[in-house]
Number of protein chains: 6
Amino acid sequence: MNNSLPPNKEHIDSEMVKMEVNLDDISGELLGYVMDLLFEAGANDVYYTPIYMKKNRPAVQLQLLCSEQKVGTMKEILFKETTTLGVRYYPLSVHRLERRFTKVETKWGPVTVKVGMLEQNAVQKAPEFDECKKIAQQHDVPLKTVYEEVWKTMESST
Amino acid sequence: MNNSLPPNKEHIDSEMVKMEVNLDDISGELLGYVMDLLFEAGANDVYYTPIYMKKNRPAVQLQLLCSEQKVGTMKEILFKETTTLGVRYYPLSVHRLERRFTKVETKWGPVTVKVGMLEQNAVQKAPEFDECKKIAQQHDVPLKTVYEEVWKTMESST
Amino acid sequence: MNNSLPPNKEHIDSEMVKMEVNLDDISGELLGYVMDLLFEAGANDVYYTPIYMKKNRPAVQLQLLCSEQKVGTMKEILFKETTTLGVRYYPLSVHRLERRFTKVETKWGPVTVKVGMLEQNAVQKAPEFDECKKIAQQHDVPLKTVYEEVWKTMESST
Amino acid sequence: MNNSLPPNKEHIDSEMVKMEVNLDDISGELLGYVMDLLFEAGANDVYYTPIYMKKNRPAVQLQLLCSEQKVGTMKEILFKETTTLGVRYYPLSVHRLERRFTKVETKWGPVTVKVGMLEQNAVQKAPEFDECKKIAQQHDVPLKTVYEEVWKTMESST
Amino acid sequence: MNNSLPPNKEHIDSEMVKMEVNLDDISGELLGYVMDLLFEAGANDVYYTPIYMKKNRPAVQLQLLCSEQKVGTMKEILFKETTTLGVRYYPLSVHRLERRFTKVETKWGPVTVKVGMLEQNAVQKAPEFDECKKIAQQHDVPLKTVYEEVWKTMESST
Amino acid sequence: MNNSLPPNKEHIDSEMVKMEVNLDDISGELLGYVMDLLFEAGANDVYYTPIYMKKNRPAVQLQLLCSEQKVGTMKEILFKETTTLGVRYYPLSVHRLERRFTKVETKWGPVTVKVGMLEQNAVQKAPEFDECKKIAQQHDVPLKTVYEEVWKTMESST
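Calculation rules
Starting from 1, residues in each chain are numbered consecutively following that chain's sequence as written. As they are written, the chains are lettered A onward and the ligands numbered 1 onward, keeping that order. Local features are withheld for residues below a pLDDT of 70 in this predicted model, meaning they are given only at 70 or higher, and side-chain atom pairs are given and counted only at 80 or more; totals for whole chains, interfaces and linings count all residues. With hydrogens and water stripped out, all remaining heavy atoms of the structure feed into the side-chain values. Under the scheme used here, helices are H or I runs from DSSP no shorter than 4 residues and strands are E runs no shorter than 2 residues, and both carry numbers assigned from the N terminus. Burial classification: accessible surface area is computed with a 1.4 Å probe over protein chains only, and a residue below 20% of its type maximum counts as buried, one above 50% as exposed, and the rest as partly exposed. Surface exposure here means Shrake-Rupley accessible area, sampled with a 1.4 Å probe, where a residue is shielded only by the protein chains that are shown. Think of it this way: Lys and Arg go in the positive column, Asp and Glu in the negative one, and His and the chain ends go nowhere. By convention, charge coordinates are those of NZ in Lys, CZ in Arg, CG in Asp, or CD in Glu. Between rings of Phe, Tyr and Trp, where Trp is taken as its six-membered ring, a pair exists when centres lie within 6.5 Å; planes separated by under 30 degrees are stacked, by over 60 edge-to-face, and by other angles tilted. Least squares is the method used to superpose the copies, on C-alpha atoms of residues holding a pLDDT of at least 70 in both. We call two residues in contact when some of their heavy atoms are within 4.5 Å. Buried area is understood as the total, over both parts, of accessible area removed when two parts are fitted together, assessed with a 1.4 Å probe. Criterion for a salt bridge: a side-chain nitrogen of Lys or Arg within 4 Å of a carboxyl oxygen of Asp or Glu.

Q: Help me understand the overall build of chain A in this model?
A: The secondary structure content of chain A amounts to four helices and seven strands. For chain A, the succession of helices and strands along the chain, N to C, is β-α-β-β-α-β-β-β-β-α-α. The principal-axis extents of the C-alpha atoms in chain A amount to approximately 55 × 40 × 25 Å. The buried share among the 158 residues of chain A stands at 62%. For chain A, the accessible surface area stands at approximately 6100 Å², while carbon and sulfur atoms represent 46% of it. Taken as two groups, the 20 positive and 23 negative side-chain charges of chain A have centres that lie 2 Å from each other.

Q: Can you walk me through the packing of aromatic side chains in this structure?
A: Centre distance and the angle of the planes are the two values used to describe a pair of aromatic rings. Within this structure, the stated rule accounts for nine aromatic pairs over all chains. One aromatic cluster is present, built from ring pairs that chain together Tyr90 of chain A, Tyr90 of chain C together with Tyr90 of chain E.

Q: Got a minute to help me understand the relation of the copies chain C and chain A in this structure?
A: The relation between the two chain copies is a rotation about an axis coupled with a shift along that axis. The transform that puts chain C on chain A rotates by 120° and translates by 0.0 Å along the axis, for an RMSD of 0.0 Å. The operation mapping one copy onto its partner corresponds to a three-fold rotation axis. Mapped onto chain A, only 11% of the interface residues of chain C again fall at the interface, so the copies present different surfaces.

Q: Can you help me understand the relation of the copies chain E and chain F in this one?
A: Expressed as a screw operation, the relation of chain E to chain F combines 0.0 Å of axial shift with a rotation of 180°, fitting to an RMSD of 0.0 Å. Accordingly, the operation relating the two chain copies is best matched by a two-fold axis. Taking the C-alpha atom as reference, chain E places proline 50 of chain E closest to the rotation axis, 4.9 Å from it. By residue overlap, the copies meet face to face through one surface: 100% of the interface positions of chain E are interface positions in chain F.

Q: Looking at this structure, I do not really get the interface of chain E and chain F. What am I missing?
A: The extent of an interface is frequently quoted as the accessible surface area lost upon association of the parts. At the interface, 17 residues of chain E touch 17 residues of chain F. Approximately 1500 Å² of surface area, both sides summed, lies buried where chain E meets chain F, with 61% of it carried by carbon and sulfur atoms. Taken together, the connections running from chain E to chain F amount to zero salt bridges. Elements with a contribution of two residues or more to the side of chain E that touches chain F: α1 (28–40), α2 (71–81), α3 (129–139) and α4 (143–156) of chain E. The greatest single-element share of the side of chain E that touches chain F, amounting to four residues, is contributed by α3 of chain E.

Written out as structure tokens, the structure reads:
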């Protein structure tokens, strides 16, 4: 690996919030769209969990993580785009690793690898999904083969 | 245990059908109601499984079991009450135990116990849920305590 | 729409609590009953999430929302009616919309619609499930058709 | 509603196949991509179900529906793009409604509505998701508001 | 029941923490192993919930409960053994019952029963799983039969 | 890679059966044990899916795959060890890849890699989990690091 990009220091963020809504009166079709809106508006993460509610209703819990500054924006989207009459939330802390980015040269071209640093040690290495996907499509190879190639190349050069 | 009721012989039923629909454009609220309709119309079982469909949609798979004779009835309910444009189904076999019913005398009164017989051996004993629930409510005791009492009484007398 | 009932102001409730128990040694049969008890005792919401616990155990997480005043009552039900040896909980805030109720006249009679107001704007409109269900049963029409009719009538008159 | 497009007759298709693979050694990241490939190659539906496998492994079941003619194509994608060593499958029948398409004129322009016909009766009406989504984005209105408007307009004109 | 062992008083523990990570780029195979490591390192509980993340990814949420003192240890395992770049956590309270242990004499030998005491009342009785399992294996009887026998014996003697 | 072991030819097995039972009256604790028994008795796979059944019951579907010869054995375990009164099943076909086994030499010693062959092409390569786990434990390295090392070594030598 070569070519380090500017780091993003390891830290504990104590100004994060988790928001939740339980939804039993909206279709999955609309929820797929709401996820996109929440990400575009700055949510750090958005995900769905299957739940069972009263009266035999299969339902969905929408959860999202955002900074305190985004609470108002997120609430507005949830109230306008879903069917909920209430949004609940609570604060939490997030310990984030320093993130570094390096490039790996594969036979199909360069791929960025995100490296997670815990107290100066590289504990995570994640090839960028979108770049691997583009290679898989352009070169008509299985995506898992692209990942395998990145692992091989990354390791040999470290 | 005393008081055997007429048996229901152990057998293999080869005329059962499983039906399935995937639903991403209906709410859980409506699905809770549909389950009741299908049972009332004679489904042997109806249940929901959480699934994930395309375009990030959290969705629900409705599955039901019914006899071949009920296929038309079930399809009609599914088409009228859900949003599906297609219903899929396939045959399956069901090996059913002989069912016997006995009575157990608890301190709160009698409770029916359903007994499953595999080649003449009692392999299952299930206190009837609705009777236990009624006792729990009438006598203001935890439902699990009612079950425990039934187990104790049933075993002592066998 | 006509006929507004008294409002229930938009507010942030900071005295709510979420309680959780993980359950791998109780049957679903008992859990269906426990949900009813918790609602009757004043829980704002109760729901189940499928989880996987140690030793290959498919299990269930029971979660409920209640006001701080109800914490003792909820704990008592959980300890008496489930098999848990511990109940965990934490505070959270809930932003609730103002709720107004209006009546819509359908060809089968009136249906109440709950309207959620965000800063004086109607962002949610939810026909009352139990009223729609009653119409569906009395008039032998699909429940989704009742909803469609309510939407049509509601919109035309607004 | 006006403007009927050519119908697609109600029928029972007895040449459909369901395929399944259980996956505990691949990441969700790759599976999101595999779903797209299977749809592009002609699967009628593809969906994921959460399952629990041996050794405490949270895992995923991939299921797909395709015509008998597509079995070879689907298998090849599954073997090349996932980590499975086996693909299982079985035949099933699908009862499909006749599909008609009509146009509804909303204040933001026309929207196609797919109509499902059961023995000449319209039992399903589904506004096209992608058209509604485009309107929501272009006119900056909630997607659920677009659907409500389509329902209102559709019903008034029928 | 006889033979009480030293009690473990009912109390509210306000120094517990819940940690969470969402994982879409790791296999279930690795996660089965991570659960064991977290328990060995002192987690009070560890469990997996199926979630759906962006880009159609079926994923897993790992949650764990631990004391404040264990936060550093748990984070280190999560960062080293999973693929996450961030770990989130928040404090919670746990109301724990007093735990007593008694012995029940079955026809296959003694079995420990854990008893949960709520304000001096026995509200939970749980036969120890590992002891029942050992009996089932050694005596070649169904595990459910061992539990039934323990219930019967326990109740008769109380 | 070197050291090929005897192959296991690619083939379609048309004598497989899937069995299913829905369980709402048994605990997860017992189900964890039942999975082990079914594998020991020769099931090809056993897995659990979360389902929702009538009366608000969170429940579990047990599914297993076995050869036709094993149907009787599996049924007997299901009837004796679970609480079901019926077992349903249907035939399916499984297309299995040829399996080859090779050895990879890592710095911690050899690891077996299972290779899946589709028409003479290696489409799957899976390091043996149990061997990787043993190395992780003995050398106190993260399990994911062992996998990465196997990938690197495997690729360099092929």
